[in-house]
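Chain and residue survey
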Amino acid sequence: MMINFTQPTTQRGGGTSPRRIISDIIPTRRRKAQSHNTQRPSSSSLSSYCRARSNRRIMSANIVLFLMMLFFLPCLLVAQDRFEQVQLRVYESVDRFLDTPLVASTVFRDFYNLRSFPNDLKASDRDTFAQKYLYSLVLALNFTGLKPYYGLEDGTFLGYLHADTTQVPRLVYREPGNSGYLFDDPELGKYWNTCVNPITGTPRPCELSTESNTTFISCINDCELISCPSSSDDNFCNNYEILSLDNQKNQTELGYIPMSTYCIDRFGGFSQEPGSVLTQESGVLTNEGTCTFLDGITPVERNITGPFANCQPGNDANDVCSITTNETDVRICNNTFAGAYESTNYDPRWRKWYIDCRTMQVPRFSDPYVFFTTGIFGLTYTYPLYKLDEMQGLNVFEGVVAVDMELDDVSAFLRQSFDQTMYTAAIYEDREPHKMIGVSTGSSVVEWVQIADPTTVCTEEETQRTFPRVCIARQLTINNFEESLPDTILRKAHEALSLTNFSNNTSVAVRDDEDDVASQSYLANSIVYEKPGENLKWRIVVTRPIDSDPEDSITVGEGSYILMFIIGGLGFTLCCLLFWAFYLRRNEELVQYADFQFTSAFLLGAACLNLSTFTLVGETTDELCVLRMWVFFMLSSMMISPLFIKAYRTYKLLGSSVASAMSVKMDNGEAWLRALPIPLVQMIVLFIFTYADPWKATAEINLDSAIPTKIMLCRSSTTGFVIVQSIFDFLLLFMGCVLAYLTRKVDPLFCDAKALLFAMYNIAFTTLMVALVLGTIDTHETGKHVLQAIGVFWGTVFSSAGFVLPRLFAAKKERRRKKKDIRTMRTTLENKRRQNRATLVTSSIDYLHEDEDALKILVCSANLGNAEPTPESMKSLIPEYGECSHVSTIHGNKIDAEQFDLIVIGLQEATWVRGSKKSAIKRTSSAPPVSDPNGPRGKRGSLFSSFHRRSSMSSGHLALEESRFRQDAYMAAVEGADTVTLRRVIRLILGNSYTNIAEEQRGQMRLTIWALKDVAPGIRDIKVSGANTGVGNVLANKGGIVTSMVFHDTRLSFLSAHLAAHEGERFYQARCNNMVDILKHSKTCDLNTKHSIDMAITSHHMFVLGDLNFRTAFDIGREMTHEEKFSRAKSLIESKDWLTLYSFDELYKAIAKGDVLFNFSTLPCNFSPTFKVNRVAGFDYMDHRVPSYTDRIVVKSAPGLSSNLRPLSYDPCVDFVTSDHKPIRGAFSIVPNDMISSTTIEGRYRLVFSEMECSDLIMGNSESCNPFIMFVWDSVEMCEDGKAHLAFLKRNKVFPRTSTKYKSQNPKWKKHYSLVTTSEEIKIGASLYLCVYGHERVGDGSILGTLALNMQNLLRCQPDETTKELVMDKPLERYGKKGGRIKFKVEISMLVG
């Protein structure tokens, strides 16, 4: 990675600035200490020095410092390719920065060696040009933050420092000499009274005993020259020792030579002149201030005179001195202490930076410490000064040039370097405890604590107080450095790197919130910066934020987001379509053989598994990872478990031995229980790993890319879950292959071995391919998610298609074959009927009923009482072979037919569990034989013949019986033993001449319809529907099943119902409401209109059968006890007073009142009530229920068709012994509509409706009743007068209608509505319906009532009559109840031409 450091040069105002001056004089950059044996130049005037500045040495220094300034301008870090190169550039930048003290010290050393202050800045050297020039050097270095100064072996100290926190440059100077003198010392005693209080300016003695620092220097043997410590004999130092008052117990009043802090003017000279002092106002430096003490008020006015103020002889006219004696060479300077506002006991020789440099005799960096003048933490670069003692020829250590660097300066340098970049850096000591040096975040690396209590952090006000100082700076360590978030990141980076032992080129990643993996991550690395021999070894840590990979998640609006929804949605839709196609064919034999329930569960599981891919969308979080973990694997196991149980059950029932199959009892409930272990084991695995090692959002840093990025993944901390889940999935795939192998020889009609093997192969292949692609192709997480979605789509859709499509194609092929056969048979029958129709045109209806083409229907209804019926009980209900001779007629006449054409069987409470008490009631093994449906009539065999008699069979017959037994066992498991048993019983009773054309089960209710094989081709448009009226209209213990069909233009409907039980008015109303709900929600008749029409109206003939539960209700004007009711009913039964008993029947009275099944009719019950009886032959009533006609058959014919329906028989089945109900059955003869000639009309008829009005419409309230009338026709072509007949262009016919009358239950229409017939033939079943709707919304609740009009009766006119007018006032029907009345006038006229 390439890092560029650039900074534009700042252009100041015109003229020669100190910065321009310094650019000409800074010496060449040196990395090593220069020779110590430098020749001291001779003294010269400052003017001659300035004229000689073209010296080669000085000129070389100019170039170096100019380049140095370019290097240290604020830098911009530009990241390129690799993070390691950033570290190298940072290293180089720090190296350049730390070369600055060397350059600055070189400048000051050269200035000192030139002896620009001949008298060491004593009185005669003050206010000279040399002092101003020195200040210009300081200003030139000021932008670096460095503060150069020097201290000498004689105690001299000189430097321009920031003497306080205001950052105003001040001159700090100490004259030579040793402190620790007596106040009356003749030479040094002159300093005793020169100290001041820095706040008030009050004079005070310079006494060690009153200072916090009592250290001073004491010469040994008059400071003789001795070999410097830790040095060879080449360098010599003065011999002295560092003492304090503790070492001078006998001396109580010792003084010190003060280090004074001075105000200066803009040229750097001593100044206390008001209006010319350099100060700070409102944060801006100004040279028009006043020198004050630290209280900011008291002006500094110090012109101290005394013996120390002698001016040295000189000729400089700029010396401001006055003669005080007669001696011409003695002068007193007026600016000796001018501008000095603070006096401090300070001697550079007992400062650690000086001692260390004097000891080591090499340039070096000090350890960070608190600066004496400001109390700020920093470090000092020291450079030893030497002079040649020409008398003794010795290289004498003369002092130290030092450059202070505040730690804030290091931070400022880092901040300038990294301010406009994404990087942050910290520098701290490599050794423990890793004290902070600098940081680029802008935070301070020190904290101010109270001197008295270092555990208490100072306030900002306390920090700013300089005298007396109450706070001291304490250097922070990297381990407790967390002032801001970037600082915390640097601390975490250090902790993470320390765990790697700071290995070279090792990068680590840290987060700003360790508890949130989605939080910002940072890449960190470190490098050691070291200056051997100079006491500097730092560690540089650099961090940068890691950008999140935009491709690690799929978010809203991305292209991959749309793609994921397309893939998942398409997979879900296709699987649902396959399920729907399978569901629509659920009643077909081939689909039933495929085990519809479990195959459907597999299809729905596959559809839901496609939806699981939607969990791959969104930002990766812990919650989403756990959701992905659960949803995908749980749905996978739930999808595959029903498939395995289906295959396992097929093998046990059809693939094992007969004895084994006979011992297997695996119905759907047990099979579902056996399907639970797979998802249960999966759930246990998921539960364990959810708590022990869950999937979590894990941040993975890609350090191999050009730009490190963070990728959020769902991962567990160990590979345990992956291993366990892989083993579990492998076992499932292996189990599927084993089951496919075991069922390979099973009849493919029942088995899906190939489909199962294909599914296992497809799933395994898809999983393997996805794993290979993900393992070999380096792609982002989004691509992986999309690939996973494609894999799920491929595995589920094609596996589902492998199970469903072959079955559907086979079923379609079978349907085509059957349709072809039916068309052939239908054509033959139609030709036969057409030949007979010519002789029937003028026949009476009685003759038509006796014709062989008249439909003979047997309607049977039985409440089985949740017990398995015995064979003889079923034979008492269903005549053997469907022969009419087994049914007694109403009038004792024989039915003019050999067999019934149609047998309708409605069953209630028709489920049972083998082994229960009810199913065991009245079981007998002495059942009479029932004919074998596969043999000729007369050959008998036991219905439940034991298979163990196979030894008496031939091998062929034995194989056939084995196959049938296996199939029955399989279907019993698939559909339920009760379903298969009932179907087999009925088939065995009816024989081969009948075929099952419709069968439906809804809870405990069943409706099955059988037709003669030569009649079935004439039946079409079979539709099945129903409704539940149990608890909450959800449970199917009560409700109804409806089947409708068309036989030779005759629409027939059969409703088998089981209504609410118990006696009383409340239950009576519940039964009436149950019937309304069944008729409302059962949809079988379609007249091609978007509005619903009452099914009871649109059927040509409708039969309602079942356990309607209407009771015997004695209405004699007083309340009767149960015993009285039972006794009264029993008396009427014993006397066979059927007419009286029937008059108390609730259903009879309800029909008459219009409460239920309005316009239906029920045959008189000239027999004993069917409920409630003991389970024995005959009528043995239980005394806790009043005997009632609960099992009923009621019928209704459309207007004009009542004569086409004739009842033949209506009686109970007294020999039915397995239920507490006696079943009921009725025989009927129906003349199909096509046997009756149509009415042929010449021309067209116009029907004009006028004066239309409705009354007593039933709606919730008049506010919501907005009625209108719609004219709907059936079996006739009509249109609205004056409008073209274009209904054929629309899917749903648009029938004419009246206007809407708002908020009225008794609406009236004044407008005329005209309809015109368009067909020349009016069939007997042609009807016109006047449908009254309550609002525009389409739905079951919108219809208020319907009136049906037979078109033949409506248009029938007298000879030569071309017009007629009818006035009608008829009741409306609404779901079997009265729905108000409708009144209108209709004028019928024949249109001529």
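Anything mentioned here points back to the structure above.
Attention in this report is confined to the structure presented alongside it. All values reported here derive from a predicted model rather than from experimental measurement.

1. Here we look at the state of the cysteines
Tallying each qualifying case throughout the model produces six disulfides. Across a sulfur-sulfur distance of 1.8 Å, Cys195 and Cys206 are joined as a disulfide pair. Since a negative S-S torsion denotes a left-handed disulfide, the Cys195-Cys206 link at about 115 degrees is right-handed. On the criterion of sequence distance, the pair formed by Cys195 in strand 5 (residues 195–196) and Cys206 in the loop between strand 6 (203–204) and strand 7 (215–219) is long-range, its members being 11 residues apart. For Cys195, a relative accessible area of 0% gives the class buried. Note that Cys458 is cross-linked by a disulfide to Cys471, the S-S spacing being 2.1 Å. Across the S-S bond of Cys458 and Cys471 the torsion is about -115 degrees, and the bridge reads as left-handed. Of this pair, Cys458 sits in the loop between strand 24 (446–450) and helix 8 (460–464) while Cys471 is found in strand 25 (residues 471–475), placing the two residues 13 residues apart along the sequence. No difference in accessibility class separates Cys458 from Cys471, as the two residues are buried.

2. Some thoughts on the sheet that holds strand 44 (residues 1224–1230)
Taken together, the six strands give an open sheet; going across it, the order is 35-36-32-31-44-43, and neighbouring strands pair in mixed fashion. Single-partner strands in this sheet number two, and they are strand 35 (994–1002) and strand 43 (1205–1212). For this sheet, the mean angle separating the axes of adjacent strands, direction not counted, is 15 degrees. In the packing of helix 24 (residues 977–990) onto the sheet, contacts are made with strand 32 (902–908), strand 35 and strand 36 (1005–1012), and the angle to strand 36 comes to roughly 25 degrees.

3. Structural notes on helix 18 (residues 753–776)
The end-to-end C-alpha distance of helix 18, which contains 24 residues, comes to 34 Å, matching closely the 34 Å that a straight helix rising 1.5 Å per residue would cover. Ala753, Ala755, Leu756, Ala759, Met760, Asn762, Ile763, Thr766 and Val770 are the residues of helix 18 that are buried.

4. Remarks on unusual backbone geometry
Residues Glu432 and Pro433 are joined by a peptide bond in cis, for which omega reads 5 degrees. Mapped onto the fold, Pro433 is located in the loop between strand 22 (424–429) and strand 23 (436–439). With an omega of 0 degrees, the peptide bond running from Phe1171 to Lys1172 counts as cis. Looking at where Lys1172 falls in the secondary structure, it is placed in the loop between strand 41 (1161–1162) and strand 42 (1191–1197). Of note in the backbone geometry, Asn866 takes a positive phi value of approximately 55 degrees without being a glycine. One can find Asn866 in the loop between strand 31 (855–863) and helix 21 (871–877).

5. Overview of the nonpolar core
Val94, Leu98, Ile427, Met436 and Trp538 are the most contacted members of the largest nonpolar core, which has 77 residues in total. Per-element accounting of this core gives the leading share, 10 residues, to helix 4 (residues 83–113). In contact with Trp538, not counting residues within four places along its chain, are Leu98, Leu379, Ile427, Tyr428, Glu429, Asp430, Ile437, Ile527, Val528 and Tyr529. Cys884, Phe1047, Val1195 and Leu1205 belong to the second largest nonpolar core, which has 73 residues in total.

6. Side note on the packing of aromatic side chains
Applying the stated criterion across every chain, the model contains 40 aromatic pairs. An angle of 20 degrees between the planes, with centres 5.8 Å apart, marks the rings of Tyr761 and Phe765 as stacked. One end of the pair is Tyr761 and the other is Phe765, both in helix 18 and four residues apart, which spans about a single turn. Judged by relative accessible area, Tyr761 falls into the exposed class, the value being 53%. Following the ring pairs from residue to residue traces out a cluster consisting of Tyr149, Phe157, Tyr346, Trp350, Trp353, Tyr354, Tyr386 and Phe397.

7. Observations concerning helix 6 (residues 352–360)
Within helix 6, the full set of buried residues consists of Trp353, Tyr354, Asp356, Cys357 and Arg358. Downstream of helix 6 by one or two residues, Gln361 has phi in the positive range, about 60 degrees.

Cut-offs used in this document
Residues numbered from 1 in each chain as written. Predicted model: local features only at pLDDT ≥ 70, side-chain atom pairs only at ≥ 80, totals over all residues. Heavy atoms only, no water. Disulfide = S-S within 2.5 Å. Helix = DSSP H or I, 4+ residues; strand = E, 2+ residues; numbered from the N terminus. Buried < 20%, exposed > 50% of the residue type's maximum accessible area, 1.4 Å probe, protein only. Pairing = 2+ DSSP bridges. Axes fitted to C-alpha atoms, helices over the stretch in contact; angles between N-to-C directions. Contact = heavy atoms within 4.5 Å. Expected span 1.5 Å × (residues − 1). Core = buried A, V, L, I, M, F, W, Y, C linked by side-chain atoms within 4.5 Å. Phe/Tyr/Trp six-rings, centres within 6.5 Å; stacked < 30°, edge-to-face > 60°.

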